[in-house]
Amino acid sequence: REVECSNVDNSILSGEIGTLGDRLTRLESERGTLDRETLYLKQYYSLLQIKDYLLSKRLAETCNKRTVFLIYLYENKESCPTCESQGYVLTELRRQYPDLRVYSFDTNLELSAINTLVSLYKVNTERPAVVIQGKTYYGFQSLEALDALLPQSIKATSTSATTTPQKRD
């Protein structure tokens, strides 16, 4: 148990997810979002994220860690003009709060694992959708709005981690 809890601050599959995420971004810009290889890689990436989500959530519960999990559901089509902007906001939020785990899923992939998450959290078809602490928020959410939805515990941890002590004479 001690070995498991020492890893709770790191994403279980972060190395592989990060590498795949970079490759996926490159493929989407070079070949487009509907390219066969891009879609295959996105499905694999989504499955790894779900695996990481489940493992990290279990580890956080086992170790009494106050990690906050955010699930972001989007569409990669013209039907969701604010989805890309929402992604940028979530990237900034994750930068501000290291204890925030953000998992992003394209619901147009029609992957049964993603459909299960959508069903589990009872998310309707409106996109973008953000699930925080089991509660779903629809439509574009500003950085300030999302920040207000995060529990104080994650903010206190982030503040204490980034605050540097003042030098005393």
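See the structure above.
Note that residues are indexed from 1 along each chain, following the sequence as it is written. Only residues with pLDDT of at least 70 are given local features in this predicted model, and only at 80 or more are side-chain atom pairs given and counted; all residues enter the totals for whole chains, interfaces and linings. As a rule here, side-chain values come from all non-hydrogen atoms in the structure, and water together with hydrogens is ignored.

Things to note about the pairing of strand 3 (residues 129–132)
For clarity, the cut-off: Partly exposed describes any residue whose relative accessible area lies between the buried limit of under 20% and the exposed limit of over 50%, with all areas from a 1.4 Å probe on protein chains only and scaled to the type maximum. A run of DSSP states H or I qualifies as a helix once it reaches four residues; a run of E qualifies as a strand once it reaches two. Both are numbered from the N-terminal end. Note on pairing: two strands pair once DSSP finds at least 2 bridges between them.
Here strand 3 shows no split at all, with Ala-129 and Val-131 on one side and Val-130 and Ile-132 on the other all buried. By the bridge criterion, 4 bridges tie strand 1 (residues 68–74) to strand 3 in an arrangement that is antiparallel. In the strand pairing of strand 3, Leu-73 is matched with Ala-129. Sheet topology places strand 3 next to strand 4 (residues 135–138); 4 bridges connect them, and they run antiparallel. Each bridged residue has a counterpart across the sheet, and for Ile-132 the counterpart in strand 4 is Lys-135.

Quick look at the pairing of strand 2 (residues 100–106)
Put simply, the rule is: The handedness rule is simple: strands pointing away from the viewer, and a clockwise path from the first strand over the helix to the second, make the crossover right-handed.
Burial of strand 2 is extensive: 6 of the 7 residues sit out of reach of the surface. Here strand 1 pairs with strand 2 via 7 bridges, running parallel. Each bridged residue has a counterpart across the sheet, and for Val-68 the counterpart in strand 2 is Leu-100. Following the chain from strand 1 across helix 4 (residues 83–96) to the adjacent parallel strand 2, one finds a crossover that is right-handed.

Brief notes about the pattern of salt bridges
Defined as follows: Take a side-chain nitrogen of Lys or Arg and a carboxyl oxygen of Asp or Glu: if they are within 4 Å of each other, that pair is a salt bridge.
For the structure on display, the rule yields 8 salt bridges. The closest approach of N and O atoms between Arg-31 and Glu-37, which form a salt bridge, is 2.7 Å.

Regarding the sheet that holds strand 3
To keep things clear, this is the line we draw: Lines fitted to C-alpha atoms define the axes, with helix axes restricted to the stretch in contact, and inter-axis angles between N-to-C directions lie between 0 and 180 degrees. In what follows, a contact means two residues having at least one pair of non-hydrogen atoms within 4.5 Å.
Taken in spatial order, the 4 strands line up as 2-1-3-4 in an open sheet, and their pairing is mixed. Here the strands that pair on one side only, and so sit at the sheet edges, are strand 2 and strand 4. Each strand axis lies, on average, 20° off the axis of its neighbour in the sheet, ignoring direction. Its contacts with the sheet put helix 3 (residues 36–62) on strand 1 and strand 2, and the angle it makes with strand 2 is roughly 150°.

Let's talk about the state of the cysteines
Defined as follows: Pairs of cysteine sulfur atoms within 2.5 Å are what we label disulfides.
Applying the stated rule across the entire model yields 1 disulfide. The partner cysteine of Cys-80 in its disulfide is Cys-83, sulfur to sulfur 1.7 Å. Negative torsions about the S-S bond denote left-handed disulfides, and the value of about 85° found for Cys-80 with Cys-83 makes this one right-handed.

Focus: the nonpolar core
We apply this condition: Take the buried Ala, Val, Leu, Ile, Met, Phe, Trp, Tyr and Cys residues and link them wherever side-chain atoms come within 4.5 Å; each set so joined is a nonpolar core.
By size, the foremost hydrophobic cluster in this structure holds 18 residues, and its most contacted members are Leu-70, Leu-93, Leu-100, Ile-132 and Leu-150. Residue assignment for this core shows that the elements contributing at least two residues are strand 1, helix 4, strand 2 and strand 3. If we skip the residues at most four places from it in the chain, Leu-70 touches Leu-90, Leu-93, Leu-100, Arg-101, Val-102, Tyr-103, Val-130, Val-131 and Ile-132.

Quick look at helix 3
For an α-helix, 3.6 residues make a turn, and residues three or four places apart therefore share a direction. The line we're drawing: Expected helix span is taken as 1.5 Å per residue step, with the number of steps being one fewer than the number of residues.
For helix 3, with 27 residues, the first-to-last C-alpha span of 39 Å sits near the 39 Å given by 1.5 Å per residue. Where helix 3 ends, the next residue or the one after it, Asn-64, has phi of about 55°, a positive value.

Notes on the packing of helix 3 against helix 5 (residues 112–120)
How we decide: Note on angle classes: values under 35 degrees are labelled roughly parallel, values over 145 roughly antiparallel, values of 65 to 115 roughly perpendicular, and the remainder oblique. Each residue gets one of three labels, nonpolar for Ala, Val, Leu, Ile, Met, Phe, Trp, Tyr, Cys and Pro, charged for Asp, Glu, Lys and Arg, and polar for the others, Gly among them.
Their axes nearest at 9 Å, the elements helix 3 and helix 5 cross at an angle of 45°. By the angle class used here, helix 3 and helix 5 are oblique. Contacts between helix 3 and helix 5 pair Ser-46, Leu-47, Ile-50 and Tyr-53 from the former with Ala-113, Ile-114 and Leu-117 from the latter. Among the residues making up the contact of helix 3 with helix 5, the classes are represented as 6 nonpolar, 1 polar and no charged.

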